[in-house]
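Report on the structure
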Amino acid sequence: MGMSDQDYVNFSQDHELNYRLRRLGKRQTEDNREMLRRMGEELKTQAGKPRLQHGDFHTYASKEKRRLD
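Bear in mind the structure is a predicted one, so any value in this text is a computation, not a measurement. Residue positions are given per chain, counted from 1 along the sequence in the order it is written. This being a predicted model, a pLDDT of at least 70 is required before a residue's local features are given, and a value of 80 or more before pairs of side-chain atoms are given or counted; all residues contribute to the totals for chains, interfaces and linings. As a rule here, side-chain values cover all heavy atoms of the structure and leave hydrogens and water aside.

**A look at the overall build of the protein**
By the criteria applied, helices consist of DSSP H or I runs no shorter than four residues and strands consist of E runs no shorter than two, each listed in order from the N terminus. Each helix and strand in the protein was counted, giving three helices and zero strands. Scaling as 2.2 N^0.38, a compact globule of 69 residues should have a C-alpha radius of gyration of about 11 Å, and the protein matches this with 11 Å. Taking the principal axes of the C-alpha coordinates as reference, the protein spans close to 35 × 25 × 15 Å. Each residue is assigned to one of three classes by its accessible area relative to the maximum for its type, calculated with a 1.4 Å probe on protein chains only: buried under 20%, partly exposed between the two thresholds, exposed over 50%. In the protein, which comprises 69 residues, the proportion classed as buried is 38%. Put simply, of all contacts in the protein between residues at least 6 apart along the chain, 54% involve residues at least 24 apart. As displayed, the protein offers around 4500 Å² of accessible surface, 46% of which is attributable to carbon and sulfur atoms. Taken over C-alpha atoms, the radius of gyration is set against a globule rule of 2.2 Å times the number of residues to the power 0.38. Only heavy atoms enter the contact rule, under which two residues are in contact if any of them lie within 4.5 Å. All accessible areas in this document rest on Shrake-Rupley with a 1.4 Å probe, and a residue is counted as covered only by the protein chains that are shown.

Below, the structure is given as structure tokens:
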């Protein structure tokens, strides 16, 4: 069975990015959400994928969380 949309990070939804920020222990600000979007684009480019699964993005964001306030 294939993956559904809920298996992938939706970078256009603030509430989803806020959830990710809470998990990382960071503030839920527009600047931080924008940084997560940039980080998502970076990882998509590195991985050569058009979409990112939650686990893959969380691993990357955890390593890069120093870039967030």
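**Considerations on the pattern of salt bridges**
By convention in these notes, a salt bridge is any Lys or Arg side-chain nitrogen within 4 Å of a carboxyl oxygen on Asp or Glu. In the structure shown here, the tally under the stated rule is eleven salt bridges. The shortest N-O distance in the salt bridge between Arg27 and Asp69 comes to 3.8 Å. Taken together, the positions of Arg27 in the loop between helix H1 (14–24) and helix H2 (30–47) and Asp69 in the segment after helix H3 (54–64) put the pair 42 residues apart, joining distant regions of the chain. With a shortest N-O distance of 3.2 Å, Glu64 and Arg67 are connected by a salt bridge. Ionic contacts of the salt-bridge type, sharing partners, join the residues Asp14, Glu30, Arg33, Glu34 and Arg37 into one network.

**A short note on the environment of Leu17**
With respect to the helices and strands, Leu17 occurs in helix H1. Leu17 sits in the buried class, given a relative accessible area of 1%. Sequence-wise, Leu17 and Arg67 are 50 residues apart; in three dimensions their C-alpha atoms are separated by 15 Å. Sequence-distant contacts of Leu17, defined by excluding residues within four places in its chain, comprise Phe11, Arg33, Leu36 and Arg37.

**Details of the nonpolar core**
In this description, a nonpolar core means a group of buried Ala, Val, Leu, Ile, Met, Phe, Trp, Tyr and Cys residues linked to one another through side-chain atoms lying within 4.5 Å. In terms of nonpolar packing, the biggest core is built from 14 residues, with Phe11, Leu36, Met39, Phe57, Ala61 and Leu68 touching the most fellow members. Sequence-distant contacts of Phe57, that is, excluding residues within four places in its chain, are made with Val9, Phe11, Arg20, Leu36, Met39, Gly40, Leu43 and Leu52.

**Quick look at H3**
Counting along an α-helix, one turn takes 3.6 residues, and residues three or four places apart therefore face a common direction. The set of residues buried in H3 consists of Phe57, His58, Tyr60, Ala61 and Glu64. Axial view of H3: buried residues confined to an arc of 165°, hence all on one face. Among the structural elements, H1 and H2 are those in contact with the buried residues of H3. Directions from the helix axis toward the C-beta atoms define the arc.

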